[in-house]
Amino acid sequence: MKILLIGGGGREHAIAAAVKRSPQNPLLYTVMAKKNPGIAALSEKILIHDEKDARAIAEFAKENGIDLAFIGPEAPLSAGVSDALWAAGVPAVGPKKDCARIETDKAWARGFIEKHGIGGNPKYAVFTDYEQAAAFIDKLKDVAVKPAGLTGGKGVKVMGDQLPDIAAAKAYTKEVLKSDSVVIEERFVGEEFTLQAFVDGKNLAFCPTAQDHKRAYEGDIGPNTGGMGAYTNAGALLPFITPEEYETAENIMKNTVAAFPKETGDEFKGILYGQFILTNRGPKLIEYNARFGDPEAMNVLSLLETDIVEIMKAVTSGTLDKIKIEFSNKATVCKYAVPAGYPDEPKKDTEVIVLAENAIAGTATGPTSDLIVYYSAVYEKDGKIFTTGSRSIGVVGLAETLEEAEKISRDALDNKIKGELFFRKDIGTSALVRKRIEHMDKLRAEKVTKK
Ligand code: GLY
């Protein structure tokens, strides 16, 4: 069995490690723009190449007799890498371009959700004209402003957060309109959570819910990042979500998958990532991604007990309902070590020393059962590891409780990962989780009072 992986970040290191755990002993082939040393160590063969070059990737797959492919990031999905692989006879986990629009075109995604009565949409409208957009902002009063296209998760700005007032929302709208259309949406108040699922076109197999932390600094302040870390609770539900609320989110995602063929003529086969916000009116959709989250993939794939190669076969052949997908019943806390100054002025090319060698994901000796270390945007030179400008090392603690999982991740970051780096100490702590629970309790109580 030969598996092709596209992508070279922490998320893809988690996918690579899961592939290498397969009892089918698959050989891993990887295409990545920059060489991730963690993934390279697990790969039979690597191609350092543009991850968006669909033709070259399909050729590489054919030349090497690849049986199945897994596309990690959104950029290759947007560039039609899945289309090219399927056309070359290589089944791929990752939707074709038309279905990937759920992530790559925020305006299309909102229209699709509305047209098919999927649920979870805010009040919203899409604009190319500034005056009309400004009038809509005045009408809604409290808004989120989103560029319609891909921005690496960093383009969305929200009032009461990055946008202090209506004037700032309008100014940002004007800026976005210089290069893209803009989606103006009602701002939701609540707690965000991530629900990811393997999707075979019809059936969904859900992963445990996770909560990511986009802001760079403790207390959810500072600039937006790709995600500084995430946690999952033991079992499927985060501690602030009720089973009914969770079911609503699942149903929104099921409705979405069922609507794809009606809209695009194609089935969505890959990973569907629902970025939800839990409000006092239930879960609402902030956005969809057409791939695993980074860091959330490191949380859920560290827990995955089922052979991922079997899952890949089921996703691509439409038989997910025939297999049982199991996750270990543990909590996880993933914290990213990032270069000093990240994200605005990251210190590049500084050495990172990983003293937890046995815990590096997928290595011959690791992973140990309670600590897994993933390489992300780092490179290797003369046997040493160095930072680039982005997130460096993902450190996952796994344990029976969130408290223990957080301690494992934090201890490793304090004592086993050395370099000019920082990480968010608050992610996954009892104090932070309690704050989330209290926030939701307060919002639910406000709703009852208002009635
Ligand atoms: N963790 C957010 C994302 O992957 O988009």
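With respect to the overall build of the chain
When its secondary structure is counted, the chain shows 14 helices and 25 strands. In summary, the chain has a C-alpha radius of gyration of 21 Å against a globular reference of 22 Å for 451 residues, a match within 12%. Referenced to the eigenvectors of the C-alpha coordinate spread, the extents of the chain come out at roughly 60 × 50 × 40 Å. The proportion of buried residues among the 451 residues of the chain is 57%. Sequence separation of at least 24 residues holds for 69% of the intrachain contacts in the chain that already meet a minimum separation of 6. Carbon and sulfur atoms provide 49% of the accessible area of the chain, an area that totals close to 17700 Å². Across the chain, the centroid of the 59 positively charged side chains sits 2 Å from that of the 64 negatively charged ones.

A closer look at unusual backbone geometry
Cis geometry marks the peptide bond from Tyr-342 to Pro-343; its omega dihedral reads 5°. In this structure, Pro-343 sits in the loop between strand S18 (331–339) and strand S19 (351–354). Although it is not a glycine, Lys-141 sits at a positive phi angle of roughly 75°. Residue position: Lys-141 is located in the loop between helix H8 (130–140) and strand S7 (143–147). Relative accessible area serves as the criterion here: at 55%, Lys-141 is assigned to the exposed category. One non-glycine residue with positive phi stands out, namely Asp-349, at about 60°.

Brief notes about the sheet that holds strand S24 (residues 417–418)
Read across the sheet, four strands follow the order S21-S22-S19-S24 without closing on themselves; strand pairing throughout is antiparallel. Among the strands making up the open sheet, the edge pair consists of strand S21 (378–381) and S24. Pairing between S19 and strand S22 (residues 384–387): two bridges, direction antiparallel. Across the sheet, the residue bridging to Glu-351 is Phe-386, located in S22.

Thoughts on the sheet that holds strand S10 (residues 191–200)
If you trace the four strands from one edge of the open sheet to the other, you get S11-S10-S16-S17, paired in antiparallel fashion. Across the chains shown, the open sheet's two edge strands, defined by having one partner strand only, are strand S11 (204–206) and strand S17 (282–289). If you compare each strand with its neighbour and ignore which way they point, the axes differ by 35° on average. Alignment of strand S16 (residues 269–279) against S17, held across seven bridges, turns out to be antiparallel. Residue Phe-276 lies in a different strand from S17, and its bridge partner there is Leu-285.

A few points about the site of the ligand
Around the ligand lies a shell formed by Asp-212, Lys-214, Gly-226, Tyr-273, Asn-289, Arg-291, Gly-293, Asp-294, Pro-295 and Glu-296. One of the backbone nitrogen or oxygen atoms of Asp-294 is found 3.0 Å away from an oxygen atom of the ligand. Separating a nitrogen atom of the ligand from a side-chain N or O atom of Glu-296 is a distance of 2.8 Å. Broken down by class, the residue content of the shell around the ligand amounts to two nonpolar, three polar and five charged.

Side note on the pairing of strand S2 (residues 27–32)
In terms of residue burial, S2 counts as a mostly covered element, since five of its six residues are buried. Taken together, strand S1 (residues 2–6), helix H1 (residues 10–20) and S2 constitute a β-α-β crossover, and its handedness is right-handed. Pairing of S2 with strand S3 (residues 45–48), which is carried by four bridges, proceeds in the parallel orientation. When the sheet's bridge partners are listed, Met-32 is paired in S3 with Ile-48.

Quick word on the pattern of salt bridges
Under the counting rule described, the total for this entry stands at 33 salt bridges. Across the salt bridge formed by Arg-215 and Asp-161, the nearest N and O atoms sit 2.2 Å from each other. With Arg-215 in strand S13 (residues 215–217) and Asp-161 in the loop between strand S8 (157–158) and helix H9 (166–177), the pair connects residues that are 54 residues apart, well separated along the chain. By relative accessible area, Arg-215 is classed as buried at 13%. Of the residues examined, Asp-161 reaches a relative accessible area of 40% and is grouped as partly exposed. Glu-250 is the salt-bridge partner of Lys-254, the closest N and O atoms lying 3.9 Å from each other. Residue Lys-254 and its partner Glu-250 are located together in helix H10 (residues 243–264), separated by four residues, close to a single helical turn.

Considerations on the nonpolar core
Formed by 106 residues in total, the largest nonpolar core has its most connected members in Leu-4, Leu-85, Ile-102, Phe-198, Phe-292 and Leu-301. Every residue in contact with Phe-292, bar those within four places of it in the chain, is listed here: Arg-11, Ile-15, Phe-70, Gln-196, Phe-198, Cys-207, Ile-271, Tyr-273, Ala-297, Val-300 and Leu-301. Residues Ile-360, Val-378, Ile-385 and Ile-393 belong to the second largest nonpolar core, which totals 18 residues.

Some words on the side chain of Lys-106
When you line up the elements, Lys-106 lands in helix H7 (residues 106–115). At a separation of 2.8 Å, a polar atom in the side chain of Lys-106 contacts the main-chain carbonyl oxygen of Glu-103. In this view, Lys-106 contacts Pro-147, Ala-148, Val-183, Glu-287 and Tyr-288; residues no more than four positions away in its chain are not counted.

Criteria and thresholds
- Residues numbered from 1 in each chain as written.
- Predicted model: local features only at pLDDT ≥ 70, side-chain atom pairs only at ≥ 80, totals over all residues.
- Heavy atoms only, no water.
- Helix = DSSP H or I, 4+ residues; strand = E, 2+ residues; numbered from the N terminus.
- Rg over C-alpha atoms; globule rule 2.2 N^0.38 Å.
- Buried < 20%, exposed > 50% of the residue type's maximum accessible area, 1.4 Å probe, protein only.
- Contact = heavy atoms within 4.5 Å.
- Areas by Shrake-Rupley, 256 points an atom, 1.4 Å probe, with all protein chains shown as cover.
- Lys, Arg positive; Asp, Glu negative; His and termini not counted.
- Charge placed at Lys NZ, Arg CZ, Asp CG, Glu CD.
- Pairing = 2+ DSSP bridges.
- Axes fitted to C-alpha atoms, helices over the stretch in contact; angles between N-to-C directions.
- Near = heavy atom within 4 Å.
- Polar contact = N/O pair within 3.5 Å; in protein donor to acceptor, adjacent residues only side chain to side chain.
- Nonpolar A, V, L, I, M, F, W, Y, C, P; charged D, E, K, R; others polar.
- Right-handed = clockwise from strand over helix to strand, strands pointing away.
- Salt bridge = Lys/Arg side-chain N within 4 Å of Asp/Glu carboxyl O.
- Core = buried A, V, L, I, M, F, W, Y, C linked by side-chain atoms within 4.5 Å.

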